[in-house]
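# Secondary and tertiary structure notes
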Amino acid sequence: MAKIGEAELKNQIKNNDFSNVYMIYGDEGYLKEFYVKKLKEKLVESAFADFNYHHYDGKKVPLSEILTDADMMPMMSSNTFLLVRDYPFDKSKEDVELLKEYLKDVNEAAVIVFWFDNLEIDTKKNTKLKALEAAVSKYGTAVELNRKTESELVRLVSSKVKKSGCTIDSANAQYLISVVGNDLKTILNETEKICNSLDGGEITRKTIDLLAVKCLQARVYDLSKFILNGKSDEAYGVLRVLFAQKEEPIVILAVISSCYIDMYRVKCAKASGQGEQSLTQYFNYKGREWLIRNAVRDSKNLSLENLRCAIDVLSKTDKKMKSTAVDKNLLLEETVTKLIALRNG
């Protein structure tokens, strides 16, 4: 078999060409869950699910027990389906070897899916996980489903909008993503909601501002824009709304800090002669390329020294929030005041 991507997995499911073992991992949670459900729908006959569908919490059930169940023949169906969630192969070399032995003489009537939902899989750093991926790729199918790039998300939004009878241009699709965040499930839900509200027609920036629910990052980004423009009243207004919505001050601080770090990286990239697009080689901006564009625009009138001072202010506030009992909302208000003062020279 092989290690494949989303397109190949989709074709497998469409053509009923299934492997006996799957390893599904990556950093895109929505896609992982979506394709696990698709496999279950195809392979489990609902009338006999009680007999032929088995779901395991990998942290509670030993692999030996799971593989014993996998050797059982299905009842009134062509196969059994075993779904194993977050099995800690990274903790045991013996479990990897045990699975290898099973795969050499696999029960052809069983399909085992190892779904890594919350457990991070890094096959480059962990030799046990690398061996697991190699074994599954040899005898079955390993599927890595990662976050999509911004251009992929734009195409996805455009396709969904078109199917709903609406239209949207690429610039507004990018803007929608920047407003709702790069979580795929949220993007699809917000796109569907807007299309249902319009019932045909064009999705404009005004429509998005009116109907889309802003993610925390987008709301804090508005706060950062007011800080950078020296608009204190507007900045404190956004801050009050965030406090009223019970957003954690330390999370707000983290997002503000990320805005300044993005701008600092852009300035450093330009100073080195590489250009801001080189940042995608060194940092994880996948699906969030708009952050680089915003940082380029917002840092035009800021010096590296100004950004260093701002990051120092943010770093000291972060330390205070985590090590003292001082009111965190008050600390955040003081920090916003200092950042505005820095911006105004």
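Higher on the page you've got the structure.
So, a few notes on the structure that sits alongside this text. All values reported here derive from a predicted model rather than from experimental measurement.

## Things to note about the environment of L242
Following the sequence through the fold, L242 ends up in helix α12 (residues 232-244). Look at L242 and you get buried, because its relative accessible area is 1%. Sequence-distant contacts of L242, that is, excluding residues within four places in its chain, are made with L216, R219, V220, L223, E247 and I252.

## Remarks on the pairing of strand β4 (residues 80-85)
Burial analysis of β4 places five of its six residues in the buried class, the great majority of the element. Where strand β3 (residues 53-57) meets β4, five bridges bridge the pair, whose relative direction is parallel. Bridge assignment links H54 to a residue of β4, and that residue is L82. Each parallel crossover has a hand, and for β3 linked through helix α4 (residues 63-70) to β4 it is right-handed. Examined bridge by bridge, β4 and strand β5 (residues 110-115) share six bridges and lie parallel to one another. Bridge pairing links L82 to I112 in β5. Read as a crossover between parallel neighbours, the route from β4 over helix α5 (residues 93-104) to β5 is right-handed.

## Focus: the packing of aromatic side chains
In the structure shown here, the tally under the stated rule is six aromatic pairs. With 5.0 Å between their ring centres and 90° between their planes, F34 and Y35 make a pair best called edge-to-face. Residue F34 is classed as partly exposed on the basis of its relative accessible area, which comes to 31%. By relative accessible area, Y35 is classed as buried at 4%. Between Y53 and F81 the ring centres are 6.0 Å apart and the planes differ by 25°, which places this aromatic pair in the stacked class.

## Considerations on the nonpolar core
With 75 residues, the main nonpolar core has V113, L223, I256 and Y260 as its most contacted residues. Residue contributions to this core peak at eight residues, all from helix α13 (residues 249-271). Excluding anything up to four places from it in sequence, I256 contacts V220, L223, S224, L314, L332 and L339.

## Overview of the side chain of D90
Along the chain, the position of D90 falls in the loop between β4 and α5. Among buried charged residues, D90 stands out as having no salt bridge; its nearest opposite-charge side chain is K91, 4.2 Å away. Excluding residues that lie within four positions of it along the chain, D90 makes contacts with L119, N126, K128 and L129.

## Focus on the sheet that holds strand β2 (residues 21-25)
Pairing in this open sheet of six strands is parallel, and the strands run β1-β6-β2-β5-β4-β3 from one edge to the other. With one partner strand each, in any of the chains shown, β1 (2-4) and β3 form the two edges of the open sheet. Strand-to-strand, the axes of this sheet are offset by a mean angle of 15°, without reference to chain direction. Pairing of β2 with β5 involves four bridges; the strand directions are parallel. Following the sheet pairing, I24 is matched in β5 by W115.

## Focus on the packing of α13 against helix α17 (residues 328-343)
Two elements in contact, α13 and α17, have axes whose closest approach is 9 Å; the angle formed by their N-to-C orientations is 20°. In terms of orientation, α13 and α17 fall into the roughly parallel class. In terms of crossing hand, the pair formed by α13 and α17 is left-handed. Taken together, the residues of α17 that come into contact with α13 (itself represented by P249, I252, L253, I256 and Y260) are K328, N329, L332, T335 and L339.

## Overview of the pattern of salt bridges
Tallying each qualifying case throughout the model produces 17 salt bridges. The closest approach of N and O atoms between K37 and E33, which form a salt bridge, is 3.4 Å. Placement of the pair is K37 and E33 together in helix α2 (residues 29-43), with a separation of four residues, close to one helical turn. For E33, a relative accessible area of 32% corresponds to the partly exposed category. Measuring nitrogen to oxygen at the nearest pair gives 3.1 Å for the salt bridge that ties E101 to K104. Separated by three residues within a single helix, E101 and K104 lie in helix α5, roughly one turn from each other. Using a relative accessible area of 48% as the deciding quantity, one classes E101 as partly exposed. Salt bridges here are not isolated pairs; linked through shared partners, they connect K3, E133 and E144.

## Some remarks on helix α8 (residues 170-180)
With eight of its 11 residues buried, α8 lies for the most part within the structure. Of all the positions in α8, only N172, A173, Y175, L176, I177, S178, V179 and V180 are classed as buried. N-capping of α8 is provided by D169, with a side-chain oxygen placed 3.3 Å from the backbone N of A171. After α8 finishes, the residue G181 shows a positive phi value of roughly 95°.

## Remarks on unusual backbone geometry
Only a minority of non-glycine residues have a phi that is not negative, and only a minority of peptide bonds are not trans. Of note in this structure, D199 is not a glycine but carries a positive phi near 55°. Note that D199 resides in the loop between α9 (184-198) and β8 (201-202). One non-glycine residue, K246, lies in the positive phi region at around 65°. Residue K246 is classed as exposed on the basis of its relative accessible area, which comes to 71%.

What counts and how
- Every chain is numbered independently, its residues counted from 1 as its sequence is written.
- In keeping with the predicted nature of the model, local features appear solely for residues at pLDDT of at least 70, side-chain atom pairs appear and are counted solely at 80 or more, and the whole-chain, interface and lining totals rest on all residues.
- For the side-chain quantities, the full set of heavy atoms in the structure was used; hydrogens and water were omitted.
- Numbering goes from the N terminus for both helices and strands, where a helix is a DSSP run of H or I of at least four residues and a strand is a run of E of at least two.
- Buried, partly exposed and exposed residues are distinguished by accessible area as a fraction of the type maximum, computed with a 1.4 Å probe on protein chains only: under 20%, between the cut-offs, and over 50%, respectively.
- Any two residues having at least one pair of non-hydrogen atoms within 4.5 Å are treated as being in contact.
- Here, a strand pair is defined by DSSP locating no fewer than two bridges between the strands.
- Consider the strands pointing away from the viewer: the crossover is right-handed when the path from the first strand over the helix to the second runs clockwise.
- The criterion for an aromatic pair is that two Phe, Tyr or Trp rings (for Trp, the six-membered ring) have centres within 6.5 Å, with stacked assigned to planes under 30 degrees apart, edge-to-face to planes over 60 apart and tilted to the rest.
- Among buried residues, the Ala, Val, Leu, Ile, Met, Phe, Trp, Tyr and Cys ones that are joined through side-chain atoms within 4.5 Å form a nonpolar core.
- Charged-residue counts in this description rest on Lys and Arg as positive and Asp and Glu as negative, His and the chain ends being excluded.
- For this analysis, a salt bridge means a side-chain nitrogen from Lys or Arg found within 4 Å of a carboxyl oxygen belonging to Asp or Glu.
- The convention used is that axes are lines fitted to C-alpha atoms, helices contributing only their stretch in contact, and that angles between N-to-C directions extend from 0 to 180 degrees.
- Should an angle fall under 35 degrees it is called roughly parallel, over 145 degrees roughly antiparallel, and 65 to 115 degrees roughly perpendicular, with every other angle called oblique.
- What makes a crossing left-handed is the near helix being turned counterclockwise from the far one by less than a right angle; a clockwise turn instead makes it right-handed.
- Polar contact criterion, stated in full: a pair of N or O atoms within 3.5 Å, where within protein one must be able to donate a hydrogen and the other to accept it, and residues adjacent in sequence count only if both atoms are side-chain atoms.

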